[in-house]
Amino acid sequence: MRIFYLMFLLYSTAGYCSENMSDHESFCAQNKSISCELHLQQQLAAATPYSAPWYKITAYQLDYLFDHHKFTELQHRIEPLLNKERLPQSFAVQLYFYYAKVLNQQKKHDEALLYANKAMAGLEQIYQMFGEPFRLLELANLQHQLGANDKAREILTYTEQRFAKSKDPLFRFELNSNKALLSHAAGELAKAASERQLALKAALELGHNGKIIVAYGNFARTVQLLGQLELARDNYLASLPYLQTENNLILTAIHKLRLAEIFSQLQDYPQAQHYLIQVNQLKLSDGHLQLYQQLANQPQLQALPE
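Residues numbered from 1 in each chain as written. Predicted model: local features only at pLDDT ≥ 70, side-chain atom pairs only at ≥ 80, totals over all residues. Heavy atoms only, no water.

1. What about the nonpolar core?
Then, number 1: Grouped together as the largest cluster of nonpolar side chains are 48 residues, with contacts concentrated most on Leu-40, Leu-62, Leu-74, Ile-78, Phe-91, Leu-95 and Tyr-98.
Then, number 2: Looking at this core, the elements with two or more residues in it are helix H2 (36-46), helix H3 (52-67), helix H4 (71-82), helix H5 (89-105), helix H6 (109-126), helix H7 (134-145), helix H8 (149-162) and helix H9 (169-185).
Then, number 3: For Leu-62, the residues in contact, after removing those within four places along its chain, are Leu-74, Arg-77, Ile-78, Phe-91, Gln-94, Leu-95 and Tyr-98.
Then, number 4: Ala-193, Phe-263, Tyr-269 and Leu-291 belong to the second largest nonpolar core, which has 35 residues in total. (Core = buried A, V, L, I, M, F, W, Y, C linked by side-chain atoms within 4.5 Å. Buried < 20%, exposed > 50% of the residue type's maximum accessible area, 1.4 Å probe, protein only. Helix = DSSP H or I, 4+ residues; strand = E, 2+ residues; numbered from the N terminus. Contact = heavy atoms within 4.5 Å.)

2. Brief notes about the confidence of the model for the protein chain
Close inspection of predicted coordinates is inappropriate for parts of the model with low pLDDT.
Then, number 1: For the protein chain, per-residue confidence averages 83 on the pLDDT scale, and 85% of positions sit at 70 or higher.
Then, number 2: This stretch, residues 1-22, has a pLDDT under 50; its non-local contacts, to residues over four places away or in other chains, come to 72 contacts. (pLDDT = per-residue confidence, 0-100.)

3. Some words on the packing of H3 against H4
A pair of packed helices is characterised by two quantities: the angle between their axes and the separation of those axes.
Then, number 1: Contact pair H3 / H4: the axes reach a minimum separation of 8 Å and the direction vectors enclose 150°. The pairing of H3 with H4 is recorded here as roughly antiparallel in orientation. Pair H3 / H4 crosses with left-handed handedness. In this structure, H3 contributes Trp-54, Thr-58, Gln-61, Leu-62, Leu-65 and Phe-66 to the contact, and H4 contributes Phe-71, Glu-73, Leu-74, Arg-77, Ile-78 and Leu-81.
Then, number 2: Per-class residue counts for the contact of H3 with H4 are 8 nonpolar, 2 polar and 2 charged. (Axes fitted to C-alpha atoms, helices over the stretch in contact; angles between N-to-C directions. Parallel < 35°, antiparallel > 145°, perpendicular 65-115°, else oblique. Left-handed = near helix turned anticlockwise from the far one by under 90°. Nonpolar A, V, L, I, M, F, W, Y, C, P; charged D, E, K, R; others polar.)

4. Regarding the environment of Gln-265
Then, number 1: Along the polypeptide, Gln-265 turns up in helix H13 (residues 249-265).
Then, number 2: Sequence separation between Gln-265 and Gly-227 is 38 residues, and the spatial gap between their C-alpha atoms is 9.7 Å.
Then, number 3: Not counting residues up to four positions away in its chain, the partners in contact with Gln-265 are Gln-224 and Leu-229.

5. Considering the pattern of salt bridges
Then, number 1: Summed over all chains, the structure comprises 6 salt bridges.
Then, number 2: The residue Lys-151 makes a salt bridge to Glu-154 at a minimum N-O spacing of 3.5 Å. With Lys-151 and Glu-154 both in helix H8 and 3 residues apart, this pair spans about one turn of that helix.
Then, number 3: Overall, Lys-151 belongs to the partly exposed group, its relative accessible area being 25%.
Then, number 4: The salt bridge involving Arg-233 is made with Asp-234; its shortest N-O contact spans 3.0 Å.
Then, number 5: According to the relative accessible area criterion, Arg-233 is partly exposed, its value standing at 22%. (Salt bridge = Lys/Arg side-chain N within 4 Å of Asp/Glu carboxyl O.)

6. Points about the packing of H13 against helix H15 (residues 286-296)
Then, number 1: Remark: H13 packs on H15, axes separated minimally by 11 Å, with the N-to-C direction vectors making an angle of 40°. What the angle tells us is that H13 and H15 run oblique. Relative to H15, the crossing made by H13 is left-handed. Of H15, the residues touching H13 (which contributes Ile-254, Leu-257, Arg-258, Ala-260, Glu-261 and Ser-264) are His-288, Leu-291, Tyr-292 and Leu-295.

Pasting the structure below:
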């Protein structure tokens, strides 16, 4: 699962043209008799190394590995390419970007920031050739993960202004989700709630189950922190039908835990217990499990019949 789509350049002898990186799925769909991973390996083996088709298929392969969280394989694929001279500029940007993600996943934050900045510098040089905003949104998110929130906000502001006329709900979902992350990190919860409400509106328009669930949960949690408990309750409740369809056990556990917490805050203890007993403790992180135990030990809930 990935909430961001990535840009890539398709190289040709005449120059470059833009291509959406999510096209690796379409590329693999050409041969449904084997796995996408095997199809990519076969096509890459048949291509002349460092030719235009080779770069295109390698880009699909990197995207596939990233998409499936195969970070060790991704690292092994990237590192030899980093040492190659005269890489096509846009391909180098892609390598820097993915390598920054790998390093960040390994908690090598200083090195990750170095490659994130190299990716950003390269992208700024070639970006005027594209009409594709999603790579910038992902770079902004990466800057946020690395603690460079001022740089992240700068990228988001630039992207929002450049694509101000966009009616694409996916773009509006990703943009406002990222803006909300920065607002939340700055302690501006009211602003974050407004941005997350816009992200929710875009997710519903998009009709993507996973994004709808995330958007409901983010908005509900933010307004809960603001003390708007009824609004938080209603949005967590609204997410439950989508969770049933998506069969996401982790988020189902979290959303029901939050409902138990909110109903307890509203002093509706029967409803708090109703949702608490539905929580799958095995799907909770340590922090959520601590909340579960705090709720379960409340005298008001222990006094109720199950």
